[in-house]
Each structure stands twice: as C-alpha cells, then as structure tokens.
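Listed here are the chains, written in short residue letters.
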Amino acid sequence: MSSEITKELLESETSGVLKTELTLGLPGDSLVQKSGIKRGFSDVDLKLANYDQAESQPPPQAQVVGWPPVRSYRKNLIKNCKYVKVGVDGAPYLRKIDLEILSSYQDLLTAMGDMFTCLTICHVLNERKLMDSANGEEYVPTYEDKDGDWMLVGDVPWKMFVESCKRLRLMTSSEAIGLGAAAPSTPSKGSSTSC
Amino acid sequence: MRSFQSMLNYFPEEVLEHIFDFLTSHRDRNAVSLVCKSWFAVERLSREKVFIGNCYAISPERLIARFPRVRSLTLKGKPHFADFNLVPHDWGGFVQPWIESMVKDGVNLEELRLKRMLVSDESLELLSKFFPNFKSLVLVSCDGFSTDGLAAIASNCRFLRELDLQENEVEDRRGQWLSCFPDSCTSLVSLNFACLKGEVNLAALERLVARCRNLRSLRVNHTVPLDALQRILLQAPQLVDLGTGSFVHDPETCNKLETGMPKCTSITSLSGFLEVAACCLPAVYTICSHLTSLNLSYAPGIFSKELVKLICHCNKLERLLVLDTIGDEGLGVVALTCKELQELRVFPSDPYGVGNAVVTEEGLVAISAGCRKLDSILYFCQQMTNAALIMVAKNCPNFIRFRLCTLNPTVPDAVTMQPLDEGFGAIVKSCKGLKRLSVSGLLTDLLFHYIGRYAEQLEMLSIAFAGNSDQGMLYVLNGCKKLKKLEIRDSPFGNEALLADVGKYETMRSLWMSSCEVTLGACKTLAQKMPRLNVEVINESGGDQTEASVDDKVEKMYLYRTLVGPRKDAPDFVWTL
C-alpha cells in the first residue's frame, strides 16, 4: 500500500520538490523511529512529500481505529448518505447523486436519466446504457472505485458497488470499449472483484 | 417537628442551609462541605443534586448514605475514548445497581442524567415504576436499551417533564412507545427522540404536543415528515427549541411551512435536518434572525451555498454546529454574520475521503477574526499551520475549550512542514482560562513543555500520535496542577513517565493510555503503590493475567481514583491489577 501512495506522490511532484520523511523527533535528532508509534496505521508508512499545495491533493487517508475521533452515531449518519459526483463526457458541469436512496442499478440508471434529461435508457441485451436521442451517442455508466480504478457499472452486487463507488462518469460507448462493454456475447461477469 | 428550644439550637444550621440553597454548582457545595463537620452535616442533608463523574469512584450505597435527600443524579460511565470504539462494548458502566440501590433505600429520585452508561430496559422499567415523582431522564451516548424501555417510561411516569435522548444506540422494537403516553400526560416540557431509528405514531405525537401546553423543546426523528412537523408547529407556537425530522417535501408543503414559521417567534434553537432537500430550507429563513443555536451537523446533503444562504440571516447565533461541507468560504460568511458566536463545531463530512469539501486553517483564522466572543471550538480540518494558530490565539484569548483534529493525525504545518508545537503553544500561552484541550498533527515534546508551563487552568487533555519521549508526559503531569482527565493514545510515553509521580493520579479523575510504551509490570507496580486507584488493563487478545509477562506492553490501560476498591462487575478481558 505504501508504495502506491509514494508512486502517486512522485507523479504529482513539481520540479525541485523535496521529499520529507515523516518522523517524530525534534529537529536535529537522529531519525530513529520508535516502535509502538505507528501501531494504529498497520502496515502503512506515512510519507508526505513537500509539495506545492495548489497542485495536488493530499494522499488518501490510511484508516486508523478511532480516527478521526467521531462518535459512531455521527459516522453512521454520514455513511447513510452517499453523495457522489456524476459526470457526462462532453458536459461542462457535474451533478451529484445520493446512492443511499437508490436500491438497485435500475434505480441508478433512472436517476441518471432524470438528471440528464436529454438521455434515455436503452437496453442492449444485458447491458445498461443511456442514449442521447439527439445525437445518437451512447453512454456507458462507469465509476471510480476506492482504489482509484475506473470500472464498468454493474459487475458487483449493488451494496458492494455503493460501498466502493467514489464517483460516476457516463462515458461515450467508444471510449468504454476497453472496459469490455462493447461485446454483447461476453458471459455475465461474476463478482470477481475484491474490494 | 422541632420544639421551640431546639429551633434555637439549630438556628445557625437552618441559616446555613438557607445560604447553601443558593449554591447550585457542585464544586461550591463540595468546597463548603470541607469547611468543618457541622457544615459538612448541614450540606450533606440538604444536597439534592449530585454529580458523579466516574460511576466507579463511589458506590450507590455510600452515595445514598451521605446524601439521603438526593433527587437528581448525574452519572458518567465509560471513558471518553469509548466514543471512538476504543473500549469494548461490555466494559462496564451499568446503571442497574444504582437504580436498585435507590429503590431499596426509598430515594425520591426525580432526575437522572447518564452519559456513556449501559442502560437496560429493565433499568428503565424499574425507574418508571418505583420513583413516583420522577420527572427528567437525559441519556447521552448510552446503549443497551430498546423502545420497550421508553414505553415503560412513557406509560408509568405520571409527572414526566423531560425525556431527552442524545446520540444513543437504541434498538427499535416497533412497539409504538410514543403512543404509551397516557391522555392524562400534560406535563412534558422537553421531548427529544431524534436519535431513534423507528417510526412513531404521528397522530399520537400531534395529540401529545397539543395537550402539553408547557412544551418548550421538541426534537423529532427522521421518520417524522415535514407535513406532520408543519401541523405540530401550529399546535405549539410556544416552542423554544425545535429539532426537525425529515425536511424533504413537495413545494406546497414547504410553502405552508414557510407561511406558518413566522408565528414561531420563540424558536431560538434549531437542529435536526436529518434528511433534507435544499429547496425546502428557505422555509426557515424567517426564524433565522432570532436563532441563538443552530445545528446542521447531521445534514451531509446541504452544500456550502445553501448553508451560507441560511446562515447569513443568523446574526444572533451563539452556537453553531456544521459539517465541513461549509468550506473556508462559508466560514468566512459566518465570521461576517455571527458576531455573537461563542461555540463552533465543524465535523468531518467525509472522514476517509479524498479531496471532498473540507476546511483548512483559513476558515479557522477567518472565524477567529470575526467572532471575538468565541470560547469553545471543535474543528476537524484537512490541514493546519502554526501561523494560523498563532493568529487565532491572538484574536481569541478567551478560549475555554479548544479541540483541533487534523484528519491525518500526524500532519505537519502545511506550509513549513514543521511540527505544530508553536501554534498550539501560542494557544495555551494566550488563553489563560483554557480548561479543555485536544491536540493533533505533528507534535513533539516541546508542545507538552508549553502545556505544562502555561496551561494553568487545564482540566482535560487529549493526546494522540504525539510526543517523542517520557519527558513529554512528565511536563504535563508536573505542570498542569488542575488536570482532571488525561487521555493518551499511540504516543511514546512509557514506564518512567507513568511512575514518576504516582500521587498525582489521586488528584485526577482518570488517566487513559492506549498503544503507548507502558508495560504490565509498571502498571502492577503502580497498582501496588496506590491502593486508592483502580488500575485496569484491557486485554482483548484473550489469555490470562498469569500468563502475561511483566515486560509485555499494555494495549489499553485505564486508571481512576476510587473510594470503593476494585469493581466487581469487570468482564474477563478487564484485568484489575
């Protein structure tokens, strides 16, 4: 996990940037790391790059037990509302949709159809697509998961999808070919993803 | 009935009692009881309200023996870090023995306030049946009970004035508990069931509100729809504190609400919005200008623009709770509008997310510059800088409670990459009345040196992932004379710090240390030296105390002063040393 974070940071570095390893020590102390400190972080080392703030986003938060210190009651409330951004290729602005109030992929398509009123749902065999009747363009719903990968919507059970979905994007069919969306004879994709 | 003669003898004491009646703070009462034996005697017989900060520090029997006339009892159970899942659910804090004891001794209990305690339906039933004058039940962050227990309270407490449930985990048994309030119940002044998950009978709720003419505070849960709320408000224009349920509806209902709102001229406190459609928010604009307290922190769906449109009407606000979706810009608007602000809490809307709406040091600085009366803050933020904290310390020297939580617990100053020692140091130097402090970010022993040196009034300190060595903890223990509660997690403090001044712990309520460097041997030594402390080790990995080695590091240790020795209800995984 830590090498992935480091890779992300390397990619977002601007020139002339230093990487500072995070340790707990007074300036001038030898950088000896004490053992019990990082217990809560399991295997992740926190490495922060000295980056230009305007450029990049902070690294993804490693999950520590009881951090941030928020009561479960509050955490559950927030969990129960899952607003994710929805973008459409070619549209200048994004919308937001609450996944918690939907209960199936069909609901999702309907909601997206309602939101982007120029699009209507069309089913081609067992695939889910939205179509812009004006220009005949087909859109395939895709999403970015917790690991930052772009996935085709519909492979995993609904609840699992809601858990892992960070944002949605309606990609034009042509762009989505790489995700295996174009082949109608593909057998149903089992839940092979592990989240 | 005293004879004339004895009245003369007791005259001075009656005067004392009359004077003591004016002392409402338990600290003042504790102080007068230490003056002399006769004052102790008068005070103890006249005390009606008792506050017990740690339910294991004393037993119910001794409480009742000393204060036989107790009518109002406040009890706190689990350690604070239990709120963040660091304490196993069945660690303890049972209210049952207290209720049983008070029933047995015929205490005339009228009020019970519990925090982080385990409350069973049986306890609630006992409470409702054996205290005929019971008036007020306040449960905060408790669990172990269901709506059946609430049904008992509703059915049996004939003079119930207050039922206030705050952030409890309550099992829903679908038993229509609210319908159990009899038609003869007209005494309710405060009803808060916002944390309940299940439905209530709306007609019963409306009738209840209609007949309780003294109802001042009503907070409903998310199952109460907007149209029901609208009808309720018509019945209760005298409400002072309103917690909405579901704030989602068709424009027609929103309009009806909007026209009805101006009649609610007494509402000064607004909360809820457990589900909310932004288009309905304008319905409350008319009452915003008299609001002194606003809690929008349960509503993740409201975005910054809508929040701002609401808040810009709230120029009398003294207390504001929001999510970080408000953003730095939104906080800027708060700073311009809410000049009377005393307390601000900004909670994280997306604790583990990346790049969603967050607040930074800029929002905090803006608030400190605009809201000079600020004395209490809880701020979850993406990043912080020393410069910002120094500015905040300069702008607001009146902080009593200062809690800052960076989402990444060891993040350094976002600009200089230095530890945040100087920033927090400025806060403790400037805020001479600081009683409660929570720190986070990259912090070294230097900060603790500052805390020990300057935080003279500090009573509660929370530390996580901070410090370099035992010296840090020693600075605090030696310096903070008024320290009552110290809680530390994931910090390199060990045996030397723990054992340096064992007498200190008897001047404190409790000490929590988890994932630190303290060993079992040191805990045992401490327990041996200090018989009036309970030193408890929580060991969740199973195994017996006899199998563990003295050199093993202790995962979680909780020690507290007590007058009644080791507790008898400790579960297997809690070792009392």
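Residues numbered from 1 in each chain as written. Chains lettered and ligands numbered in written order. Predicted model: local features only at pLDDT ≥ 70, side-chain atom pairs only at ≥ 80, totals over all residues. Heavy atoms only, no water.

Draft legend 1. Spotlight on the overall build of chain B. The number of helices and strands found in chain B is 20 helices and 25 strands. What you see for chain B is a C-alpha radius of gyration of 25 Å, in line with the 25 Å of a compact globule of 577 residues. For the C-alpha atoms alone, the extent of chain B along its principal axes is close to 75 × 70 × 55 Å. A separation threshold of at least 6 residues defines the contact pool for chain B, and within that pool the share at least 24 residues apart is 71%. Just so you have it, chain B exposes about 22,900 Å², and 53% of that area is on carbon and sulfur atoms. The centroid of the 63 positive side-chain charges in chain B is displaced by 7 Å from the centroid of its 67 negative side-chain charges. (Helix = DSSP H or I, 4+ residues; strand = E, 2+ residues; numbered from the N terminus. Rg over C-alpha atoms; globule rule 2.2 N^0.38 Å. Contact = heavy atoms within 4.5 Å. Areas by Shrake-Rupley, 256 points an atom, 1.4 Å probe, with all protein chains shown as cover. Lys, Arg positive; Asp, Glu negative; His and termini not counted. Charge placed at Lys NZ, Arg CZ, Asp CG, Glu CD.)

Draft legend 2. The arrangement of the confidence of the model for chain B in detail. Averaged over chain B, the pLDDT score is 92; the fraction of residues at 70 or greater is 97%. Two numbers describe this predicted complex: its pTM, 0.79, and its ipTM, 0.87. (pLDDT = per-residue confidence, 0-100.)

Draft legend 3. Quick look at the packing of aromatic side chains. All names here are of chain B. Applying the stated rule across the entire model yields 21 aromatic pairs over all chains. Here the aromatic rings of Phe81 and Trp512 are separated by 6.1 Å at their centres, their planes lie at 80 degrees, and the arrangement is edge-to-face. Placement of the pair is Phe81 in the loop between β2 (72-76) and α5 (96-104) and Trp512 in strand β22 (residues 510-514), with a sequence separation of 431 residues. An identical accessibility class is assigned to Phe81 and Trp512; each is buried. (Phe/Tyr/Trp six-rings, centres within 6.5 Å; stacked < 30°, edge-to-face > 60°. Buried < 20%, exposed > 50% of the residue type's maximum accessible area, 1.4 Å probe, protein only.)

Draft legend 4. The arrangement of the pairing of strand β9 (residues 167-172) of chain A in detail. Residue and element names in this part refer to chain A. Alignment of strand β3 (residues 83-88) against β9, held across four bridges, turns out to be parallel. Note that in β9 the partner of Val88 across the bridge is Leu170. Two elements, strand β7 (residues 138-144) and β9, share six bridges in a ladder whose sense is antiparallel. In the sheet register, Pro141 faces β9, and the bridge partner there is Leu170. (Pairing = 2+ DSSP bridges.)

Draft legend 5. How the structure looks around the state of the cysteines. All chains considered together, the criterion is met by zero disulfides over all chains. Here B:Cys157 stays free of any disulfide, with the sulfur of B:Cys185 as its closest cysteine sulfur at 9.4 Å. (Disulfide = S-S within 2.5 Å.)

Draft legend 6. Fine view of the packing of helix α12 (residues 304-311) of chain B against helix α13 (residues 327-337) of chain B. Residues and elements named next belong to chain B. It is the contact of α12 with α13, at a shortest axis distance of 9 Å, that shows an interaxial angle of 5 degrees. Judged by the angle between their axes, α12 and α13 are roughly parallel. Seen from α12, the contacting residues are Ser304, Val308 and Ile311; seen from α13, they are Gly330, Val333, Val334 and Thr337. Its residues assigned to classes, the contact of α12 with α13 comprises four nonpolar, three polar and no charged. (Axes fitted to C-alpha atoms, helices over the stretch in contact; angles between N-to-C directions. Parallel < 35°, antiparallel > 145°, perpendicular 65-115°, else oblique. Nonpolar A, V, L, I, M, F, W, Y, C, P; charged D, E, K, R; others polar.)

Draft legend 7. Just the pattern of salt bridges, in detail. Counted by the stated rule, this structure contains 29 salt bridges over all chains. Note that A:Glu144 is salt-bridged to A:Arg167, the shortest N-O span being 3.1 Å. Remark: A:Arg167 occurs in strand β9 and A:Glu144 occurs in strand β7; sequence separation between them is 23 residues. In this structure A:Glu144 comes out as buried when scored by relative accessible area, which is 18%. With a relative accessible area of 35%, A:Arg167 lands in the partly exposed category. For B:Lys553, the salt bridge identified is with B:Glu517, shortest N-O distance 3.4 Å. Here B:Lys553 is found in the loop between β23 (533-538) and β24 (556-561), whereas its partner B:Glu517 is found in the loop between β22 and α20 (520-529), with 36 residues between them in sequence. (Salt bridge = Lys/Arg side-chain N within 4 Å of Asp/Glu carboxyl O.)

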